[in-house]
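Residues per chain are reported as follows:
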Amino acid sequence: MRTVRRSALIDRPTPEPSALPRRAPLPAHHPDPVLDVVVPVYNEEHDLEPCVRRLHAHLGETFPYAFRITIADNASTDGTPRIAARLAAELPGTDFIRLAEKGRGRALHTAWSRSRAPVLAYLDVDLSTDLAALLPLVAPLISGHSDIAIGTRLARGSRVVRGPKREIISRCYNGLLRSTLAVGFSDAQCGFKAVRRDVAERLLPLVEDREWFFDTELLVIAERAGLRIHEVPVDWVDDPDSRVHIVSTALADLRGMARLGRALASGRLPLSALRRSGGDLGGALPAGLARQVVRFGAVGVASTLCYLLLYTVLRPATGAQAANALALLASAIANTAANRRLTFGVRGRGGALRHHLKGLAAFLVGLALTSGSLAVLHHTAPGTGHRVELLTLIAANLAATLLRFLLFRAWVFPARRTTGPSAP
């Protein structure tokens, strides 16, 4: 089966279809397979059979609905297609498709596009993720609670065994996503995800990548459209025989992030077509944005007044630069504490030290802006008066405040999706 590249279609205007209907639970007695689990493979003749047999046995014993397993072979050159065809013939509810081109994203796009199951999932053939998490992964989609579900190795409650190099790379990648694209989900790369078919039908035409960035692109677009993403902490053991080429994959991911960032900034993606109709909260804009802006602004006004008062008191004794640094440090600590509780709704002491350290990093950005503005003022207009100094600092503080809000929302207090079945 050959897939068609969409590169020639990228610049054409995309008509905006109607919004998604409200989510609804699937009936208890569904006549057809409810779940289609795709296993994308490339040259996996050794792992394929034990993986599929184990997955089939697990679903048969634990999954309460009819299911299908689809082996999606993308251009294997070893015995994988032969083994896949035999498994499809032997195991009830097992299917096999073969693509002429490589690419995990291409395999998933093709398999999900042709499936009629209301819930679509995929997992890696190495079964690094414990299958016990499969039912908790798809349950929120079956119940109508969520639109997409992902396994996460980076949430509290996950149990992960892997080398330090892959751990560092994974955390750096997800940190980069949070800082550049302001994502709220914690783990974009875990090969353990599921999506409702009605959502996939709208999402897949918008996802351009056909390789490893496919997952990330799908999740970012979904989150920007306000769809609900459910996270499931997983037990995960690293596969030492991973076929992922880290350097080339990382470069491709960076190019994908830049391309996706441009598409989002230009408004080219028809995100409104992915939002839920009928007042579904899952179709709203990023949670609490308007309320957060108002509360952040109120805290900012109070901390700015505190900063200016401290600067005025300290200036005669310490000089302009030292007074600016001390006043900004004190107000930044108070600002982080107030925003932590009032703006972003974080309660308790959990993560407080980490939040304050990140808040201090945001403080350093503000310090660079305000100190730099003072330095430029004193260089260009020596002997300037105190009133001009204050006006300059107010302008610099406004710029620092805007930047600090963006850092707080995307990095210090990133929005997290639900991680438990009882989450609202």
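Residues numbered from 1 in each chain as written. Predicted model: local features only at pLDDT ≥ 70, side-chain atom pairs only at ≥ 80, totals over all residues. Heavy atoms only, no water.

1. Digging into helix 2 (residues 80-90)
Turn by turn, an α-helix covers 3.6 residues, leaving residues three or four places apart pointing in a common direction. So the rule is basically this: Each residue is placed in one exposure class: buried if its accessible area under a 1.4 Å probe, protein chains only, is under 20% of its type's maximum, exposed if it is over 50%, and partly exposed if it falls in between. Strands are runs of DSSP state E lasting at least 2 residues, helices are runs of H or I lasting at least 4, and numbering of each runs from the N terminus. When we speak of the arc, we mean the arc of directions from the helix axis to the C-beta atoms. Only heavy atoms matter for contacts: two residues are in contact if any of them lie within 4.5 Å across the pair.
Taken together, the buried positions of helix 2 are Thr80, Pro81, Ile83, Ala84 and Leu87. Take helix 2 and look down its axis: the buried residues cluster within an arc of 160 degrees, on one side only. Those residues of helix 2 that are exposed and angled more than 90 degrees off the buried face are Arg82 and Ala89. For helix 2, the elements touching its buried residues are strand 1 (35-41), helix 1 (48-62), strand 2 (67-74) and strand 3 (94-99).

2. Describing the nonpolar core
The nonpolar side chains of a soluble globular protein tend to be buried with one another. The criterion, for reference: What is meant by a nonpolar core is a set of buried Ala, Val, Leu, Ile, Met, Phe, Trp, Tyr and Cys residues, joined one to another through side-chain atoms within 4.5 Å.
Counting 44 residues, the largest nonpolar core has Trp112, Ile148, Phe185, Leu218 and Ile221 as its most contacted members. Mapped by element, the contributors of at least two residues to this core are strand 3, helix 3 (104-114), strand 4 (119-123), strand 5 (148-152), helix 5 (164-181), helix 6 (197-203), helix 7 (214-224) and helix 8 (246-266). Element by element, the count of residues in this core is highest for helix 7, at six residues. If we ignore the near neighbours within four places in the chain, the residues touching leucine 218 are Trp112, Ile148, Leu203, Leu204 and Val207. Formed by 39 residues, the second largest nonpolar core is a distinct cluster that contains Val37, Val119, Ala121 and Phe192.

3. Notes on the sheet that holds strand 4
Adjacent strands of a sheet form backbone hydrogen bonds with each other and so pair up, either parallel or antiparallel. Defined as follows: Being paired, for any two strands, means DSSP has found at least two bridges between them. Orientation is described by lines fitted to C-alpha atoms, with helices fitted over the stretch in contact, and by angles between N-to-C directions that extend from 0 to 180 degrees.
Strand order in this open sheet of seven strands is 3-2-1-4-7-5-8, and the pairing throughout is mixed. The sheet is open, and its two edges are formed by strand 3 and strand 8 (229-233), each paired on a single side. Between one strand axis and the next, the sheet turns by 20 degrees as a mean value, whatever way the strands run. Alignment of strand 5 against strand 8, held across five bridges, turns out to be parallel. Bridge pairing links isoleucine 150 to glutamate 231 in strand 8. Sheet strands touched by helix 3: strand 1, strand 2, strand 3, strand 4 and strand 7 (192-196). Its angle to strand 3, the strand with the most contacts, is close to 130 degrees. Most of the contacts of helix 7 go to strand 5, to which it runs at about 130 degrees, and overall it touches strand 4, strand 5, strand 7 and strand 8.

4. Some remarks on the confidence of the model for the protein chain
To keep things clear, this is the line we draw: Note: pLDDT gives the predictor's confidence per residue, expressed from 0 to 100.
Within the protein chain, residue pLDDT values average 84, and 88% of them lie at 70 or more. Per-residue pLDDT stays below 50 along residues 1-15; that stretch engages in 18 contacts with residues further than four places along the chain or on separate chains. Here residues 417-424 is modelled with pLDDT under 50, and outside its nearest four sequence neighbours on either side it reaches 20 contacts, counting other chains as well.

5. Regarding the packing of aromatic side chains
Rule in force here: Any pair of Phe, Tyr and Trp rings, taking the six-membered ring for Trp, is counted once the centres come within 6.5 Å. Such a pair is stacked with planes under 30 degrees apart, edge-to-face with planes over 60 apart, and tilted for the rest. Either the NZ atom of lysine or the CZ atom of arginine qualifies as a charge over a ring when it sits within 6 Å of the ring centre and within 35 degrees of the ring normal.
Counted according to the given criterion, the structure contains six aromatic pairs. Feature note: the residues Trp112, Tyr122 and Phe214 constitute an aromatic cluster, connected by ring pairs. One Lys or Arg, lysine 102, reaches over the ring of tyrosine 42 and ends 4.3 Å from the middle of that ring. It is arginine 153 that lies over the ring of tryptophan 236; its NZ or CZ is 4.8 Å from the centre.

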